[in-house]
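Coordinate analysis (summary)
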Amino acid sequence: VPPVRGTHGGEVRERPADPAAPPAALAFKVHATPTGRLTYLRIYSGTIEKGDTLWDASAGRTERIGRILRVQADRHAPLDRAVAGDIVAVVGLKSARAGSTLCAPDAPLVLEPPGVPEPVVSVAVESRRAGDTDRLASGLARLSEEDPSLVVRTDPETGQTLLSGMGELHLEVAVEKLRRDLGLEVAVGRPRVSYRETVGRGVSGLVYRHVKQDGGAGQFAHVVLDVEPYAEGGFDFRSAVVGGRVPQEYVRAVEAGCRDALAEGPLGGHPVTGLRVTLTDGATHVKDSSDPAFRTAGRLGLREALRACAMVLLEPVAEVTVTVPEDAVGGVLGDLAARRGRVTGSA
């Protein structure tokens, strides 16, 4: 076979398929078994022996070869060495993943890893038993380590743990592994949609007074807010207070409190966007007014204002490219229209 090509320091290098050359191997699969972690290697050059220390060029650390096994179905035959052209499993590697290059420390080389397609389907997974949360997290981490096309992430908005893969069958097999190998009771469902809320019709002159007196230093803040839609999206805050009725440092506190209130809208607790808030008036107390008091007034005042506004729920928009045979174009267009899809062009 021709020499294998890799890179080092941005330069392309070749390594011949020769047992006497410096070793270079590509890890293409990781499998956790009850007896240990197996890393499958294809050796492109050189020779590796039991007990050798190799350099993981992808992770930038050394790995020690504990045992070398020739795998035949469910039988593992121990070997003392493996040479260029062999496909073997090794025991003892701690951090090598699928796509890692193992090479001689004095002859580093990075081989091209196998391509991993982007996942296309996601499901939400959670443990049915409260005590299995940590075991589920470790099990999902093991699955993604064994199969790089499986992606595990936590949606920061919904808090769901999402498992993404190449199709429904792919995900069903992964979940079945969790149930069979780890004995976990896993609940699988659809991911919740990350909606947004916005203001359809605003309110003017909403008055909010924050007064708190519990024996110590009190809190006093008085704000008057106008809320209106903001066509540019996001959040815009303005102050129209005149005569110094609300000092500038308290105006910044009111803005911070309003931003706090945007985290949960009144329709379904979704983030709020596309609004402008104007502080039109307010009042202070000589002793009891403070930054925390005005921040609280801004937060609670905007929440009350949003409940008085006409709110609108915003759905996410996805841009997709659909490729279909000519005889199925009509049916697909009808299906897209039924899902409220908007066709922007065809070729």
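A quick note: this is a predicted structure, and the numbers were derived from the prediction, not measured. Going along each chain's sequence as written, the residues are numbered from 1 onward. Only residues with pLDDT of at least 70 are given local features in this predicted model, and only at 80 or more are side-chain atom pairs given and counted; all residues enter the totals for whole chains, interfaces and linings. As a rule here, side-chain values come from all non-hydrogen atoms in the structure, and water together with hydrogens is ignored.

**As for the sheet that holds strand S14 (residues 121–127)**
Formally: If DSSP finds at least two bridges between two strands, the strands pair. The helix count covers DSSP runs of H or I at least four residues long, the strand count covers runs of E at least two residues long, and both are numbered beginning at the N terminus. Between N-to-C directions, angles cover 0 to 180 degrees, with each direction set by a line fitted to C-alpha atoms, over the stretch in contact for helices. In what follows, residue pairs with any heavy atoms lying within 4.5 Å of each other are defined as contacts.
Within the open sheet, the four strands sit side by side as S15-S16-S14-S17. Their pairing is antiparallel. A strand with exactly one partner marks an edge of an open sheet, and here the two such strands are strand S15 (151–154) and strand S17 (186–189). In this sheet, adjacent strand axes meet at a mean angle of 30° when their direction is disregarded. Sheet topology places S14 next to S17; four bridges connect them, and they run antiparallel. Looking at S17, one finds that Ser 127 is bridged to Val 186. Its contacts with the sheet place helix H2 (residues 168–182) against S14, strand S16 (161–165) and S17, and it is angled at close to 125° to S16.

**Brief notes about the sheet that holds strand S3 (residues 24–33)**
Spatial strand order, S7-S6-S12-S3-S4-S11-S8-S9: eight strands in an open sheet with antiparallel pairing. At either margin of the open sheet sits one strand with a lone partner, and together these are strand S7 (61–64) and strand S9 (75–79). On average, each strand axis in the sheet is inclined to that of its neighbour by 40°, with strand direction left out of account. Sheet topology note: the strand S8 (residues 67–72)/strand S11 (residues 87–91) ladder contains three bridges and is antiparallel. Bridge pairing in S11 places Leu 69 opposite Ala 89.

**As for the packing of helix H3 (residues 248–261) against helix H4 (residues 291–308)**
Here is the rule we go by: Orientation labels follow simple angle bins: below 35 degrees gives roughly parallel, above 145 gives roughly antiparallel, 65 to 115 gives roughly perpendicular, and whatever is left gives oblique. In this scheme, a crossing is called left-handed if the near helix is turned counterclockwise away from the far one by less than a right angle; it is called right-handed if the turn is clockwise.
Where H3 contacts H4, the two axes come as close as 7 Å, and the packing angle between them is 40°. Relative to H4, the element H3 lies oblique. Helix-helix and strand crossings are classified by hand; for H3 and H4 the assignment is right-handed. Here Glu 249, Tyr 250, Ala 253, Val 254, Ala 256, Gly 257, Cys 258, Asp 260 and Ala 261 of H3 come into contact with H4, specifically with Asp 291, Phe 294, Arg 295, Gly 298, Arg 299, Leu 302 and Arg 303.

**Description of the pairing of strand S1 (residues 4–8)**
As judged from the five bridges shared by S1 and strand S2 (residues 11–15), these two strands associate in the antiparallel manner. In the strand pairing of S2, Gly 6 is matched with Arg 13. Where S1 folds back on S2, the antiparallel hairpin that results is connected by two residues, among which Gly 9 adopts a positive phi of roughly 65°. The pairing of S1 with strand S13 (residues 110–111) spans two bridges and is classified as antiparallel. Looking at the pairing, Thr 7 lines up with Val 110 of S13.

**Focus: the nonpolar core**
Filter applied, for reference: To define a nonpolar core, start from buried Ala, Val, Leu, Ile, Met, Phe, Trp, Tyr and Cys residues and group those joined through side-chain atoms within 4.5 Å. Burial status follows relative accessibility: with a 1.4 Å probe on protein chains alone, a residue under 20% of its type maximum counts as buried, one over 50% as exposed, and anything between as partly exposed.
Of all hydrophobic cores here, the largest spans 31 residues; its most connected members are Val 227, Leu 275, Val 277, Leu 279 and Leu 302. The set of elements that each furnish at least two residues to this core consists of strand S19 (203–212), strand S20 (219–229), strand S21 (235–239), H3, strand S22 (275–283) and H4. When near neighbours in sequence (up to four residues on either side) are disregarded, Leu 275 contacts Val 199, Val 227, Glu 228, Pro 229, Tyr 230, Gly 234, Phe 235, Asp 236, Leu 262, Leu 302 and Leu 306. Counting residues in hydrophobic clusters, the runner-up holds 14 residues, among them Ile 43, Ile 48, Leu 54 and Leu 93.

**Quick notes on the pattern of salt bridges**
Going by this rule: By convention in these notes, a salt bridge is any Lys or Arg side-chain nitrogen within 4 Å of a carboxyl oxygen on Asp or Glu.
Counting across every chain of the model gives 18 salt bridges. With its nearest N and O atoms 3.5 Å apart, the salt bridge here joins Arg 135 to Asp 132. By relative accessible area, Arg 135 is classed as partly exposed at 37%. Relative accessible area serves as the criterion here: at 8%, Asp 132 is assigned to the buried category.

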